[in-house]
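Each chain, written out:
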Amino acid sequence: MQTALFIIFGLAAIAGALNLLFQRHPINSALSLVVVMMSLAVLYWSLGAEFLAAAQVIVYAGAVMVLFVFVVMLLNAGEEVRTHGSRIAYIAGIPGAAAIFCLLSFVFLKNKTALGTTQLGGYLSDTISNITEISHTLFTSLLLPFEATSILILVAILGAVVLARKEL
Amino acid sequence: MTHLTTFEIFLLLTVLKIAVVLVITLTAVAYTVLLERKVLGRMQNRWGPSRTGPFGLLQPLADGIKLFLKEDMMPLAVERPLFVLAPIIALGCALISISVVPFGAETKYHGVDLFQIANLNIGLLVVLGVTSIGVYGIALSGWSSNNKYSLFGSLRATAQMISYELALGLSLVGVVLRAGSLSLRDIVNSQARHGMLSWNILGGFQIVGFFIYLMAAYAETNRSPFDLPEAESELVAGYHTEYSSMKFAMFFMAEYANMITVACVATLLFFGGANTPFGHIFDGVFATGFIHAVLPIFWFVFKILAFLLLYIWVRATLPRFRYDQLMSFGWKFLLPVAMVNILATAFALAFHP
């Protein structure tokens, strides 16, 4: 059952990602990205990370992508124009992507024992909430990175406010 | 039932629950429209619909038939796939959130809870997530209509919804802190001990959170006094200007289904869900069988009706906000107050556990 979920939503994520590249209109691409994010959320959930799944839906699909769509709508961006300008993309693109894929899979396969394995499915039936564990880890052993990230985001917000002000 | 496996019982009961809840929700949506028209009418010193059936009770049926039989216009300049997809997203997201709402006391039958479709341990986050996905329905409808009034309406609605989502989410954190869980069933059970006195709004001192939630919920559902996206004096009808027939009806139903969802969440989080306000005083009277199982549902429906009446009352009373007032109210008043509420609740829980 949960393996079936994994396969369905994994395929949905891949299809969404490919559609994102092949669509010519920016709003269709943005919506494909939403599909990718929702499928990833389901995958997280099926791996037992339900808080991460909810955060993925609320933050990425619900807020970040809405802003993307918003900007596309506001700028009324038209269809993408296909050009034959960049030759380098044709020559280097596919071999480059293949090389990166090979490199990543080589690294992951080489460190297979160090990374450990996970089991597909079987996480949904238990009723233990992992939010307690996440918050324990976040506010004890990972407190410094957490606070540093908060300050970074605060600085980014202040920067955005300063840039958006009419009179500088 | 003995020849069925546990999984088959679970599957059958779940499909049955989904069907029953869907039918009841859609009927409730139809009759909320009638309720709104009747109550608004009486508040404005007129009758409201009174011709179809006794007291106008068949009006929703007549409206439904009218909307079904109308011509489904598809304007030439629309972006066709998204134009069709938008009302489906809006209505789908409005109806999905009902699935995590516990609408009665926990009653197990062969291990399946009868009065809740799915008891998720992140139920509250699911409601918030589905609400935030619902924004797409409105955003896409305005953009794909290829109409400037629709686009303005949907831009307003989107901006308003993502701004007020923050205040809405933060106003609920106090309740989550008190219950120590995100499961809606646990949150309801945490308020069950002493009847009305242990509800979050009274005994939990979450009254500030409740009012922030209430105001943010009006903005989330695009209801008056925050109904700028549909301001008919400026924007024709807002994001659903170009829609007709059933597609328009789907937006209309989504709005009222959202009202019901928001009323459900307010009831569950601040008013003790399906618990009676009297605690254990009348336990001896209604302790038996059928009434004991059905009485919580009565209380739940009663509380939701009270919220819907409040919605209608507010619509009949308050004028519409101006756009800049709406934004500064959300960001400069509701959000800071919600944060102060979280801090106060956290300190109170830390020092008086």
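Look up: the structure comes first, before these words.
Note that the structure is a prediction, hence the values are computed from the model and not measured. (Residues numbered from 1 in each chain as written. Chains lettered and ligands numbered in written order. Predicted model: local features only at pLDDT ≥ 70, side-chain atom pairs only at ≥ 80, totals over all residues.)

Trainee: What's the story with the overall build of chain B in this structure? I'm lost.
Mentor: Broken down by element type, chain B carries eleven helices and two strands. Starting at the N terminus and walking to the C terminus, you meet the elements of chain B as α-α-α-β-β-α-α-α-α-α-α-α-α. Overall size of chain B, expressed as C-alpha extent along the three principal axes, is 60 × 55 × 45 Å. Expressed as a percentage of the 353 residues in chain B, the buried residues total 45%. (Helix = DSSP H or I, 4+ residues; strand = E, 2+ residues; numbered from the N terminus. Buried ≥ 20, exposed ≤ 12 C-beta atoms within 10 Å, placed from the backbone.)

Trainee: So what exactly am I meant to see when it comes to helix α2 (residues 26-46) of chain A here?
Mentor: For an α-helix the count is 3.6 residues per turn, leaving residues at separations of three or four pointing the same way. Residues and elements named next belong to chain A. With 21 residues, α2 ought to run about 30 Å at 1.5 Å a step, and its terminal C-alpha atoms sit 30 Å apart, in line with that. Buried residues of α2: Ala 30, Leu 31, Leu 33, Val 34, Val 36, Met 38, Ser 39, Leu 40, Ala 41, Leu 43, Trp 45 and Ser 46, and no others. At the C-terminal side of α2, Gly 48 shows a positive phi close to 90°. (Expected span 1.5 Å × (residues − 1).)

Trainee: Can you help me understand unusual backbone geometry in this one?
Mentor: All names here are of chain B. One non-glycine residue, Asn 45, lies in the positive phi region at around 65°. On the basis of neighbour counts, which here come to 6 C-beta atoms within 10 Å, the residue Asn 45 falls in the exposed class. The residue Asn 222 is not glycine, and still its phi comes out positive at about 55°.

Trainee: Help me out: how do you make sense of the environment of A:Ala53 in this one?
Mentor: Residue and element names in this part refer to chain A. Within the secondary structure, Ala 53 sits in helix α3 (residues 50-75). A sequence separation of 42 residues divides Ala 53 from Leu 11, and the C-alpha atoms of the two residues are 18 Å apart. Residues contacting Ala 53, with those up to four places away along its chain left out, are Ala 41, Tyr 44 and Trp 45. (Contact = placed C-beta atoms within 7 Å.)

Trainee: For this particular structure, what's the right way to read the packing of α3(A) against helix α4 (residues 123-144) of chain B?
Mentor: Packed helix pairs are characterised by how far apart their axes lie and by the angle those axes make with each other. With their axes 9 Å apart at the nearest point, α3(A) and α4(B) run at an angle of 15° to one another. Classified by the interaxial angle, the pair formed by α3(A) and α4(B) is roughly parallel. When you trace α3(A) past α4(B), the crossing you get is left-handed. Contacts between α3(A) and α4(B) involve A:Ala54, A:Val57, A:Ile58, A:Ala61, A:Gly62, A:Ala63, A:Val66, A:Val69, A:Phe70 and A:Met73 on the former and, on the latter, B:Leu125, B:Val126, B:Leu128, B:Gly129, B:Ser132, B:Ile133, B:Val135, B:Ala139 and B:Trp143. The residue makeup of the contact of α3(A) with α4(B), split by class, is 16 nonpolar, three polar and no charged. (Axes fitted to C-alpha atoms, helices over the stretch in contact; angles between N-to-C directions. Parallel < 35°, antiparallel > 145°, perpendicular 65-115°, else oblique. Left-handed = near helix turned anticlockwise from the far one by under 90°. Nonpolar A, V, L, I, M, F, W, Y, C, P; charged D, E, K, R; others polar.)

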